[in-house]
Each structure stands twice: as C-alpha cells, then as structure tokens.
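# Notes for the structure review
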Amino acid sequence: MSTRILILLSGRGSNLAALVEAAREQGWPAQVVGVISNRPQAAGLAWAHAQGLPTQAVDHQAFASRQAFDAALLAACQSYRPDLVVLAGFMRVLGTEFVRHYEGRLINIHPSLLPAFTGLHTHRRALEAGVKLAGATVHYVTPTLDHGPVIAQAVVPVLADDDESSLAERVLQAEHRLLPLAVGWHVRGELDLQEGLVHHRRGLPQSLFFPTSINPEPVMAPGPLTR
Ligand code: GRF
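Heads up: these notes are all about the structure in this document. Keep in mind that what you see is a predicted model, and the values were worked out from it rather than measured.

## Concerning the pattern of salt bridges
Pairing is possible between side chains that carry opposite charge, provided their charged atoms lie close to one another. One pass over the full model with this rule turns up five salt bridges. The salt bridge involving Arg170 is made with Asp162; its shortest N-O contact spans 2.7 Å. Residues Arg170 and Asp162 agree in their burial class; the two are buried. Residue Arg202 pairs with Glu190 through a salt bridge whose shortest N-O separation is 2.8 Å. Here Arg202, found in the loop between strand E9 (197-200) and strand E10 (207-209), pairs with Glu190, found in the loop between helix H6 (164-187) and strand E8 (191-194); they are twelve residues apart in sequence, far enough to count as distant. Looking at Arg202, the relative accessible area reads 58%, which means it is exposed.

## Quick notes on the packing of helix H5 (residues 122-129) against H6
Viewed as axis vectors pointing N to C, H5 and H6 meet at an angle of 115°, and their least axial separation amounts to 9 Å. By crossing handedness, the relation of H5 to H6 is classed as right-handed. Residues His123, Arg124, Ala126 and Leu127 of H5 pack against Glu164, Leu167, Ala168 and Val171 of H6. Grouping the constituent residues of the contact of H5 with H6 by class yields five nonpolar, one polar and two charged.

## Some words on the site of the ligand
Taken together, the residues surrounding the ligand are Gly11, Arg12, Gly13, Ser14, Asn15, Gly89, Met91, Ile109, Pro111, Leu172 and Glu175. Contacts to the ligand include Gly13, whose backbone N or O atom sits 2.8 Å from an oxygen atom. Here an oxygen atom of the ligand and a backbone polar atom of Asn15 are 2.8 Å apart. Coverage of the ligand by the protein amounts to 87% of the 370 Å² it exposes when considered alone. For the shell around the ligand, the secondary structure elements donating two or more residues are helix H1 (14-25) and H6. When its residues are assigned to classes, the shell around the ligand shows four nonpolar, five polar and two charged.

## What to know about the sheet that holds strand E3 (residues 55-57)
Pairing in this open sheet of eight strands is mixed, and the strands run E3-E2-E1-E4-E5-E6-E7-E10 from one edge to the other. Taken across any chain shown, the strands that pair with only one partner, and hence form the sheet edges, are E3 and E10. Looking at each pair of strands side by side, their axes are set apart by 15° on average, direction ignored. Relative to the sheet, H1 contacts strand E1 (3-9), strand E2 (30-37), strand E4 (84-87) and strand E5 (106-110), its axis offset from that of E1 by approximately 165°. With respect to the sheet, helix H2 (residues 43-50) is in contact with E1, E2 and E3, its orientation differing from that of E3 by roughly 155°.

## Some points on H2
Taken residue by residue, H2 has Gly44, Leu45 and Ala48 as its buried positions. Viewed end-on, H2 has its buried residues packed into an arc of 100°, placing them on one side of the element. Set apart from the buried face of H2 by more than 90 degrees, the exposed residues are His49 and Ala50. Where H2 is buried, its residues contact E1, H1, E2 and E3. Just past H2, the residue Gly52 takes up positive phi, approximately 85°.

What counts, and where the lines are drawn
- Residues numbered from 1 in each chain as written.
- Predicted model: local features only at pLDDT ≥ 70, side-chain atom pairs only at ≥ 80, totals over all residues.
- Heavy atoms only, no water.
- Salt bridge = Lys/Arg side-chain N within 4 Å of Asp/Glu carboxyl O.
- Buried < 20%, exposed > 50% of the residue type's maximum accessible area, 1.4 Å probe, protein only.
- Helix = DSSP H or I, 4+ residues; strand = E, 2+ residues; numbered from the N terminus.
- Axes fitted to C-alpha atoms, helices over the stretch in contact; angles between N-to-C directions.
- Left-handed = near helix turned anticlockwise from the far one by under 90°.
- Contact = heavy atoms within 4.5 Å.
- Nonpolar A, V, L, I, M, F, W, Y, C, P; charged D, E, K, R; others polar.
- Near = heavy atom within 4 Å.
- Polar contact = N/O pair within 3.5 Å; in protein donor to acceptor, adjacent residues only side chain to side chain.
- Areas by Shrake-Rupley, 256 points an atom, 1.4 Å probe, with all protein chains shown as cover.
- Pairing = 2+ DSSP bridges.
- Arc of directions from axis to C-beta.

Pasting the structure below:
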C-alpha cells in the first residue's frame, strides 16, 4: 500500500525537493499527496505547485490564537488523509492536540544534534558554544519542542573559519541526505518505535558522518580506531 505523505514547510523547500527526488528515484511505496505552508509566499510552496503537487497555504497571521491556527491546520491536513506528516522546515510550534493526532506518524528535521540546541538559531548558538561537531536530527514529534524519539542523525565538522551561513550550508547538504534516508525507512516499515526509542529493524546504523565535506559519500558508521 502506498503511504500518503503530507509535507508542512515555511521556507524555500530544499528538504521537500530532496524528499520528492528520493521518492521518485528509489521508487518508494509512497506519494507526496500535498504540501501546506503557514507562509503563503514560501518558495517551497511555489516549487511544489510547479511540480504539480497539491498545495495549500494556512497563514498563521490570519488567526487570533495559536489554538485557532492549529485547528485550521489540522483540518487542512486531514483533507489530504495523510498516513505520514513531515515537517520539512516548518517554523511554527504545533500544539499538543495536533501532535497527538499524528503521534508516531509525524516527523521533523531539526538542524542540530539534538538534544543540543533546540529551538531557533542553532548554527549561531553552536558557533558561540565553540562545539566542533554540528549536524541535523530527524525525529518523531512529541509535544515538547524539538524532543521526541530520534530516527537518525547526521554529523558534520565545524571548521575554524565557519560563520553562521557556511555552517548552515554544510548542515543543509547533510539534511538533504538524512531526511530522505529516515522517511524512506518509515515508509518501508523498517523502523521500530518503542518506549521512546527508535531502532532500525535490520540494525542499520542510524547515523551519517560527513568527515570533511558532503562529497564523497558519507561514512555510515565509524571505522575502527587507528593509531
Ligand atoms: C532547514 O535547515 C531545516 O532543518 C530548518 O529550516 C531549514 C529549511 O530549509 N528547520 P528548506 O526550506 O528545506 O530549504
């Protein structure tokens, strides 16, 4: 049976594009049935429309309260009858009712190695903290912001001359590999979610390492220690 994927986004939609491409190239038993944005002008919405995907804007500014926005968003989502909802750069906090409705089938990508740097401005904060590794996390969404069972993480180095934008770009390239990997596992039924932990049923490493740059291929698991 084909999994009906609904995408929520707020911005340019490069993660959406990576997902759509992977689904096509890898022949996923899934289809993107719709793309919804809280920003009517989001470039990702225009890109989706140009691809022939059904699109809709639910402008958060048109609602007096968070609850009213959540209710309208939930109704809009339901009209697509999704099996899976993917937050691909969706920049609004979702309420408990929305999250509970899609529990176990609501996936988010966050540009940090959670649980470090939840919330906004992750790259700036990583640089300020002086960490030497950065990355991205794909996780099932729970009512607590940027928490929830981790499906997979990608690691990139923080380089000495990085600024916020160079680090963001390196992490974004990793996101484009990580999100399709994690969503592909979900739609193929390869993930086991139990007691807040996610395991790949065949034991595949749920981590990607990009030791120096995004190309060539990521290392799927750390190699043996050498001296
Ligand atoms: C990504 O870095 C995502 O993790 C963050 O917002 C960015 C969205 O990029 N939350 P795009 O819209 O997918 O290009």
